[in-house]
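# Secondary and tertiary structure notes
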Amino acid sequence: MFILFSCVNRKLIQIRMNYSYIPIAILAILAIFVHEINGSSNLGRGFGDNINWKTMDEGLQLAKESDTPMMLLIHKTWCGACKALKPKFAASSDIQQLSENFVMVNVEDDEEPKDSKYTPDGGYIPRILFLEPNGNVRDDIVNTVGNERYKYYYPSADHVVLAMRNALKKIKSNDEL
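The paragraphs below set out a description of the structure included in this document. (Residues numbered from 1 in each chain as written. Predicted model: local features only at pLDDT ≥ 70, side-chain atom pairs only at ≥ 80, totals over all residues. Heavy atoms only, no water.)

Within the chain one finds five helices and six strands. Listed by position from the N terminus, the elements making up the chain come as β-β-α-β-α-β-α-α-β-β-α. When each of the 177 residues of the chain is scored for burial, the buried share is 37%. Of the contacts made within the chain by residues no fewer than 6 positions apart, 69% connect residues no fewer than 24 positions apart. When the accessible area of the chain is evaluated, it comes to approximately 10900 Å², of which 55% is carbon and sulfur surface. (Helix = DSSP H or I, 4+ residues; strand = E, 2+ residues; numbered from the N terminus. Buried < 20%, exposed > 50% of the residue type's maximum accessible area, 1.4 Å probe, protein only. Contact = heavy atoms within 4.5 Å. Areas by Shrake-Rupley, 256 points an atom, 1.4 Å probe, with all protein chains shown as cover.)

Rendered as structure tokens:
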């Protein structure tokens, strides 16, 4: 396609426009938008998009500011046990309802915090930890019906629900002291 432009000296110049790059540019722009949308709003990562998930930094700050306990879910994209827990966790209406009493944080892969306080009995995954509003990990809130060797591993939504209820009782009673 040819377009005519008028120059300062009033001469007409023909410029050939190459439109073959337009589809590539449109795809690049769409990819950026999709990445931005998924990056900011899809923190559920299969564990429930109906839960108000926060990043680790946002969660710690919000827990402190709102005086709300935090539930930290640590998992990996390649982990079979993590993949098995996802649909159970996401489908649980009890978890969704109880999540409203927590600042919910979901970290995967390289987002896992490096501090040893987040591995109280080992670095296995998935792990679910409960934190006080000041960021202290409550190592006494564990899966009471699970494996003694993996206290922070929850293979079912029912186990998570029990721990969430236990966390609310323990953290609330601790605040009243």
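Still to come is the rest of the account.
Core analysis: the biggest nonpolar cluster contains 23 residues, and Met71, Phe89, Phe130 and Met164 have the highest contact counts within it. Breaking this core down by element, the ones donating at least two residues are strand E4 (70-75), helix H3 (80-91), helix H4 (93-99), strand E6 (127-131) and helix H5 (157-176). By residue number, the principal contributor to this core is H5, which donates seven residues. With near-sequence residues (within four places) excluded, Met164 lies in contact with Met71, Ile95, Leu98, Ser99, Phe102, Met104 and Phe130. (Core = buried A, V, L, I, M, F, W, Y, C linked by side-chain atoms within 4.5 Å.)

Take Leu131: it is sitting in strand E6. Classification of Leu131 as buried rests on a relative accessible area of 0%. As a C-alpha pair, Leu131 and Ala167 span 36 residues in sequence and 8.8 Å in three-dimensional space. In this view, Leu131 contacts Leu60, Pro69, Met70, Leu72, Tyr118, Asn136, Val137, Arg138 and Ile171; residues no more than four positions away in its chain are not counted.

Let's shift gears to the packing of aromatic side chains. A full pass over the atoms with the stated rule returns four aromatic pairs. Taking 5.0 Å as the distance between ring centres and 85° as the angle between the ring planes, the aromatic pair formed by Tyr124 and Tyr150 counts as edge-to-face. Taken together, the positions of Tyr124 in the loop between strand E5 (103-108) and E6 and Tyr150 in the loop between E6 and H5 put the pair 26 residues apart, joining distant regions of the chain. Tyr124 sits in the buried class, given a relative accessible area of 15%. (Phe/Tyr/Trp six-rings, centres within 6.5 Å; stacked < 30°, edge-to-face > 60°.)

Such coordinate-based values are descriptive only and should not be taken to indicate function.
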